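Coordinate analysis (summary)
Read off the chains here:
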Amino acid sequence: MTARDEGAGLGERPTSELYENVTCPFCGLLCDDLEISRTGSTLKVLKNGCGRAHGGFERTLHDAQPMVKGKAVELSQAIEAAAGLIKKAQLPLFGGIATDVDGVRAALSIADRSCGVIDHALSEGQFRNLKVLQSNGWIMSTLTEARNRADLFIIVGTDAHKLHGRFFERIVCTPESMFEDMSSKRTVVFIGEGLDTSAAMGPRIDEVITLPCKLDKVGEVLAALRARLRGTDLKALEPANDATGMVSGSKRTGFLSNLLPKQRTAKTPSSPRTQTIDGVSLADIDALAERCKNARYGVMVWAPPGLNFPNADLTVQIISDVVKNLNVTTRFAGLSLGGNDGVVSGAAVGGWQTGYPLRVSYATGKPEYDSYRYSIGRMLAEKEGDLLLWIATFSPDIVPPETNLPTIVLGTPGLKLKKTPDVFIPVGTPGMDHAGILVRCDNVVSLPLKNLNRAPLPRAADVLAALEAAL
Amino acid sequence: MLIKLSGGKVYDPANSVNGEVRDVYVDGGKIVSPDYGARVDKEYDLKGRVIMAGAIDPHTHIGGGKVTIARTLMPEDHQMDEVAHTELTRAGTGHALPSTMITGYRYAEMGYTAGFEPAVLPANARQAHMELGDTPMIDKGGFVMLGSDDFILRLISEKKDFELIKDYVAWTMRAAQAIAVKIVNPGGISAFKFNQRKLDLDERHPYYDLTPRDIVVTLARALIELGVTHPVHVHGCNLGIPGNVESTLATIRAADGLPLHLTHIQFHSYGTEGDRHFSSGAARIAELLNKNPNVSIDVGQVLFGQTCTASGDSMRLYAGAKHADPKRWVVMDIECDAGCGIVPFRYRDKSFVHALQWAIGLETFLLCEDPWRIFLTTDHPNGAPFFCYPHLIRLLMDRGFRQDMMQKVNPDALKYSSLPTLNREYSLYEIAILTRAGPARSLGLKDRGHLGPGASADITVYFDKADREAMFTKPELVFKNGELIVRDGKVIKVVQGATHVSRPEYDKAIEKPLKEYFDRYHTMRMENFKLSDDEIIEGGRGEIVVQPTKARTQ
């Protein structure tokens, strides 16, 4: 351990302290204006906390000790036991990776040295975005830019308020913005039913519009929007768009047609006024297209974990297409939220150290990338790999998938493990127990996390370095 | 430990040493002139070898958000160049967008001991320095981008006190831990956010009451008065547009004697002659440059092959996105601060446009008379990846080779360039200026880029081969701070270089309006915007070297 885990000097910490400008590591927005007090090992969010921040900072500090096969041991013994397991492994899997930048750096280093595979617990969602980046690209905005500039927000299939409790407060309904003389009012459009629209309110908000469709059908509605923006007359097409947003205008005949999903019953031909796309009238889609074209700076918002249905990357692709189309005449950009538990930091550090956003195997000594093959969830399900090392330093809910493989867990105390791992090493939460850095959901800004001196727990990065040194 | 490099031909332009056979002594990581008879602990017999200071790349996109977005965008770029770990080195990937460790290793293996990231967005400075921190072997530093951030546009357009503008510039350099300041498409990145698609030097910004000329002149003057050694580093208006030679010439005139560095000038030297309305403006640029000793340039040479363009210039990269190859690209509007664009590109020797870009770059090199004011760059990875430098050096040093290469490119393109008529061949001494002494002097690296006593012992030793490409591809020895780090073109020791910064003075009172600005508009607190020294050097990531600045003047 280095002198950096200042928790080691816990005996000397003041019994209570007040911290300002604290960054909250519990969602991808990384709000950094929190005020937090500490009394002993208890933290209290005094200002600017959302439910998630209160839950994260104020959660009970469980007693935790390093354990080998369920028995409490010294940290050095746990490290020795874990290093023994890694040395024996032919293909160790480094999963979870819910940690800060230094934790990701250390995980990449040991994965490289031990010829393992590395993937983040929340990759599945993030790859809905990355697949689009790697095939289509996109035009994106960032939180401050959207906060000051947008006159139209379109929230796509994502319960942004539920996922990010201060998104509307900080980005959409702000009391001030830089260019008020140009457009002081904002319209907020929700695409998808059952989304919490209650936070889209206040003097800044002009209109709030909802286009209700099933959440896994937002891609279809956007595909219709894209078609209308491109001047396509949808009446000319067969009415059925499938969930992937691909216009299934081609006839499905021949023996292969049996393999395809059943086509939805074609709607009876109808006039544009009454024609609907998954419950949204074409007239409403046309009205949205007009709004988009007339916006000075529109922002299309989604959170990858919100688009939780098969092939959701194709929905992200349509968002990218719509945004690109609109930029021919006006300005429009995407804004991806999500990014919890260090998943953006994982992709960023993976990106700069290997060229790839994790899902990398070092089995041959070289980094090899395959977003399907090196999904640790898939690998465990198909019994690939022979050891799992799991890192989860933020949320106690980031638990390893079920597996019979020998398992090492570097976890926050109270991690909701379903079974006792071979080795458990409690580690600190960056931004509570030690300092650190995380990359924000917009993949541009990174923020410093403070050491709030909560508990003398080691940094995951230091435990990983000690493990690597013991190999 | 006293090390002696004996008998090599030394090219050290900063000390006017031109190929003389000399011994070079190293002790404690520095070049020394030992007392007569001092005991030599280790001697390298370097008869017939060429000795230069370690090379310095003054403009290379190797760290920061847009580079990593580009890396992520282009997995196929890495798949043909995956590098396994060794006992010493980490695994990684290479080619046009190498991963950070591979970047460090490959620069060192090519005899480079420093590289400067020229586009550090203040909002992204923390990540840029994290990436540079993961780039071993070489010294590094960043140029912070200003000129499309809303704070400075407000200061300039509201005609605020010039001292306040200087305070803001110096504060930003400190917050972003930069050594210099860069302007990218002055005001244009901001204008693009207001749906403006082009902004010429004297065109009014669509929102703020100012022109790009105001921004360039203000920042040029601010940096001089702040005492920063490197003049404002300008990526001008109209990147890549035929006819942009006019705005480049106008920018040189706008400086009106103020020091100015025009970067990747090749991309800004296009005329409109001929059937294709695309021709070389290099001769006109060189003519004006030769008369204006206040202006320096780097070239941004294009070389053929697959690469990826990555720039802060969201406006111009968006316009160029239709040429993306492969067909995917990213444009971003960033934090009321800046922007970026990333467009993959494949330069083809049979393409009229690409061949002419290639010729324009070479023409610029060959027509500019003062080697102290021109630096060798490809604007990595925009014109070509940095590993192509040895090829470029041979093109400059070897007329016969250059003529052979001209046979391979689109012949029509050469009709619109004076390249075929140019016979100049660069000497080793001039190459040492372009790649060492010049950048060091321009950036104010007082103890780098030369071999005089007191300099850091960053030294490269080459076999003196007639094939200059082979010679510069694989140096025999590279020393970093007196330690042997590369032998026969391979890393033998991994070290961590320093981060160079400069810290002009500012009045701390600037934090009052800044804090108010951050609290009203930003999504980040001013306190967290500032990057601490510890964040850069923690975890054994080298040291910070504060390069001197002159006293602040009014």
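Every chain's residues receive numbers from 1 upward, in the order its sequence appears when written. Whichever chain is written first is A, and whichever ligand is written first is 1; the rest continue in order. The model is predicted, so local features are restricted to residues of pLDDT at least 70 and side-chain atom pairs to those at 80 or more, both for listing and for counting; the totals for chains, interfaces and linings are taken over all residues. Note that the side-chain values use all heavy atoms of the structure and ignore hydrogens as well as water.

This part takes up the overall build of chain A. Counting its secondary structure elements, chain A contains 13 helices and 22 strands. Across the 471 residues that make up chain A, the buried fraction comes to 62%. Any pair of residues with heavy atoms lying within 4.5 Å of one another is described as a contacting pair. Intrachain contacts of chain A at a sequence separation of at least 6 include 66% that bridge at least 24 residues. Here the Shrake-Rupley method, with its probe set to 1.4 Å, supplies the accessible areas, and only the displayed protein chains count as covering residues. With an accessible surface of roughly 17500 Å², chain A has 52% of that area assigned to carbon and sulfur atoms. Put simply, DSSP marks the helices as runs of H or I at least four residues long and the strands as runs of E at least two long, and each gets a number from the N terminus on. Only protein chains enter the area calculation, which uses a 1.4 Å probe; residues under 20% of their type maximum are buried, those over 50% are exposed, and those in between are partly exposed.

With that settled, consider the overall build of chain B. In terms of helices and strands, chain B carries 20 helices and 26 strands. C-alpha atoms define the radius of gyration, and 2.2 Å times the number of residues to the power 0.38 defines the globule rule. The C-alpha radius of gyration computed for chain B amounts to 22 Å, which stays within 12% of the reference 24 Å derived for 554 residues, consistent with globular compactness. For chain B, with 554 residues in total, the buried portion stands at 69%. Pairs at least 24 residues apart make up 76% of the contacts formed inside chain B by residues separated by at least 6 positions. Accessible area of chain B: about 17400 Å², with a carbon and sulfur share of 49%. Here the positive residues are Lys and Arg and the negative ones are Asp and Glu; neither His nor the chain ends is included. Think of each charge as sitting on NZ of Lys, CZ of Arg, CG of Asp or CD of Glu. Where the 65 positive side-chain charges of chain B centre and where its 71 negative ones centre are 1 Å apart.

As a further point, take the pairing of strand β18 (residues 329-334) of chain B. Counted residue by residue, β18(B) has six buried out of six residues, so it is predominantly covered. Residues of β18(B) alternate between two faces, with B:W329, B:V331 and B:D333 on one and B:V330, B:M332 and B:I334 on the opposite face, all of them buried. Strands were regarded as paired on the criterion that DSSP finds at least two bridges between them. Relative to β18(B), strand β8 (residues 137-140) of chain A runs parallel, the two sharing four bridges. Bridge assignment links A:W138 to a residue of β18(B), and that residue is B:V330. Pairing analysis gives five bridges linking β18(B) to strand β19 (residues 338-347) of chain B, with the strands arranged antiparallel. Each bridged residue has a counterpart across the sheet, and for B:I334 the counterpart in β19(B) is B:A338. A loop of three residues connects β18(B) with β19(B), the two strands running antiparallel in sequence, and B:E335 in this loop sits at a positive phi of about 55°.

This paragraph deals with helix α10 (residues 282-291) of chain B. Every buried residue of α10(B) is accounted for by B:A282, B:I285, B:A286, B:L288 and B:L289. Packed against the buried residues of α10(B) are α9 (245-255), β15 (279-280), β16 (295-298) and α12 (352-367) of chain B.

What follows covers the packing of helix α11 (residues 343-354) of chain A against helix α1 (residues 65-73) of chain B. To obtain each axis, a line is fitted to C-alpha atoms, and for helices this fit is confined to the stretch in contact; angles are then taken between N-to-C directions over 0 to 180 degrees. Close contact between α11(A) and α1(B) brings their axes to 9 Å; oriented N to C, the two are set at 80°. With respect to α1(B), the element α11(A) is oriented roughly perpendicular. Residue-level inspection shows A:A348, A:G351 and A:W352 of α11(A) in contact with α1(B), the latter providing B:T68, B:R71 and B:T72. Residues were grouped as follows: Ala, Val, Leu, Ile, Met, Phe, Trp, Tyr, Cys and Pro as nonpolar; Asp, Glu, Lys and Arg as charged; and all remaining residues, including Gly, as polar. Classifying every residue of the contact of α11(A) with α1(B) gives two nonpolar, three polar and one charged. Should an angle fall under 35 degrees it is taken as roughly parallel, and over 145 as roughly antiparallel, whereas 65 to 115 is taken as roughly perpendicular and any remaining angle as oblique.

Residue and element names in this part refer to chain B. Secondary-structure assignment places E117 in strand β9 (residues 112-120). Judged by relative accessible area, E117 falls into the buried class, the value being 0%. Looking at E117, its side chain comes within polar contact range of the main-chain nitrogen of I62, at 2.8 Å. Polar side-chain contacts of E117 include one of 2.9 Å to the backbone nitrogen of A119. Those residues in contact with E117 that sit more than four places away from it in its chain are T60, H61, I62, G63, K66, V67, L132, G141, G142 and F143. What qualifies as a polar contact is a pair of N or O atoms within 3.5 Å, subject to a donor-acceptor requirement within protein and to the restriction that residues adjacent in sequence count only when both atoms come from side chains.

A few words on the interface of chain B and chain A. Contact with chain B, which involves 65 residues of that partner, is made by 72 residues of chain A. Note on definitions: buried area is the accessible-area loss of two parts on being combined, 1.4 Å probe, summed for both. Taking both partners together, chain B and chain A bury about 5900 Å²; carbon and sulfur atoms supply 50% of that area. Whenever a carboxyl oxygen of Asp or Glu lies within 4 Å of a side-chain nitrogen of Lys or Arg, that contact is scored as a salt bridge. On inspection of chain B and its partner chain A, the count reaches six salt bridges. Between B:K193 and A:E145 there is a salt bridge whose closest N-O contact spans 2.7 Å. For the interface between chain B and chain A, the tally reads 51 residue pairs in polar contact (both at pLDDT 80 or more). Looking at the side of chain B that touches chain A, the element that brings in the most residues is β18(B), giving six residues. Looking at side-chain class alone, the side of chain B that touches chain A contains 24 nonpolar, 18 polar and 23 charged residues.

Glancing now at a nonpolar patch on the surface. Residues forming no salt bridge and having over 30% relative accessible area are the ones grouped into patches, like charges within 9 Å of each other and nonpolar side chains (Val, Leu, Ile, Met, Phe, Trp, Tyr) within 5 Å. Together, B:L88, B:I492 and B:V494 give the surface a local cluster of nonpolar side chains, amounting to about 220 Å² of exposed area. Position of B:L88 among the secondary structure elements: in the loop between β7 (82-83) and β8 (92-93).

Two aromatic rings, drawn from Phe, Tyr or Trp (for Trp, its six-membered ring), form a pair once their centres lie within 6.5 Å of each other, and the interplanar angle then sorts them: stacked below 30 degrees, edge-to-face above 60, tilted otherwise. This model, assessed by the stated rule, comprises 31 aromatic pairs over all chains. Summarising the aromatic geometry, the rings of A:F153 and A:F167 are spaced 6.4 Å apart at their centres and angled 90° between planes, so their arrangement reads as edge-to-face. Here the residue A:F153 occupies a position in strand β9 (residues 152-156), and A:F167 occupies one in helix α7 (residues 167-172), the gap between them amounting to 14 residues. Comparing A:F153 with A:F167 shows no difference in burial state: the two are buried. When the ring of B:F352 is compared with that of B:Y416, the centres are 5.8 Å apart and the planes differ by 80°; the resulting orientation is edge-to-face. You can see B:F352 sitting in helix α12 and its partner B:Y416 sitting in the loop between α15 (411-414) and α16 (428-443), a full 64 residues away along the chain. Members of the aromatic cluster, each reached through a chain of ring pairs, are B:F151, B:Y168, B:W171, B:Y517, B:F518, B:Y521 and B:F529. Consider the ring centre and the ring normal. A charge sits over the ring if Lys NZ or Arg CZ is within 6 Å of that centre and within 35 degrees of that normal. Lying across the ring of B:W329, A:K324 places its NZ or CZ 4.2 Å from the centre. A cation sits over an aromatic face here: B:R221 above B:F162, 3.7 Å from the ring centre.

Residue and element names in this part refer to chain A. Strand order across the open sheet formed by three strands is β1-β2-β3, with antiparallel pairing between neighbours. Edge positions in the open sheet fall to β1 (16-22) and β3 (42-47), since each of these has one partner strand only. Between one strand axis and the next, the sheet turns by 25° as a mean value, whatever way the strands run. In this sheet, β3 lies alongside strand β2 (residues 34-39) in antiparallel orientation, the contact comprising five bridges. Paired with T39 across the bridge in β3 is T42.

On to unusual backbone geometry, then. Omega for the peptide link from B:D325 to B:P326 comes to 0°, which places this bond in the cis form. Residue B:P381 is bonded to the preceding B:H380 through a cis peptide linkage, with omega at -5°. Mapped onto the fold, B:P381 is located in the loop between β20 (374-375) and α13 (389-397). Positive phi, close to 55°, is recorded for A:I97, a residue that is not glycine. One can find A:I97 in strand β6 (residues 92-98). Although it is not a glycine, B:H277 adopts a positive phi angle of roughly 55°. Its place among the elements puts B:H277 in the loop between β14 (270-271) and β15.

On to the layout of surface pockets. Using protein atoms alone on a 1 Å grid, points that fit a 1.4 Å probe yet trap it form a cavity, whereas open point sets bounded by protein on both sides within 12 Å along at least five of seven lines form a pocket; residues with an atom within 4 Å of a point count as lining. Grid points are joined across faces, edges and corners, and a volume is the space filled by probe spheres set on the points. Estimates place the volume of the largest pocket at around 910 Å³. Lining the largest pocket are 46 residues, with A:L122, A:G338, A:G339, A:N340 and A:V343 positioned closest to its centre. For the lining of the largest pocket, the elements supplying multiple residues, two or more each, are α1 (51-57), α4 (123-133), β8 and α11 of chain A together with α1 and β18 of chain B. The greatest single-element share of the lining of the largest pocket, amounting to seven residues, is contributed by α4(A). Looking at the lining of the largest pocket residue by residue, the classes come out as 22 nonpolar, 16 polar and eight charged. Looking at which domains feed residues into the lining of the largest pocket, each of domain 1 (64-122 + 341-429 + 456-469) and domain 2 (128-338) of chain A supplies at least three. As a volume, the second largest pocket reaches approximately 730 Å³. As for the second largest pocket, its lining consists of 31 residues, of which B:G240, B:G320, B:H323, B:F345 and B:Q357 are closest to the centre. Contributions of two or more residues to the lining of the second largest pocket are made by β17 (305-311), α11 (314-320), β19 and α12 of chain B. Split by residue class, the lining of the second largest pocket holds 14 nonpolar, eleven polar and six charged. Domain delimitation follows an automatic or database domain assignment.

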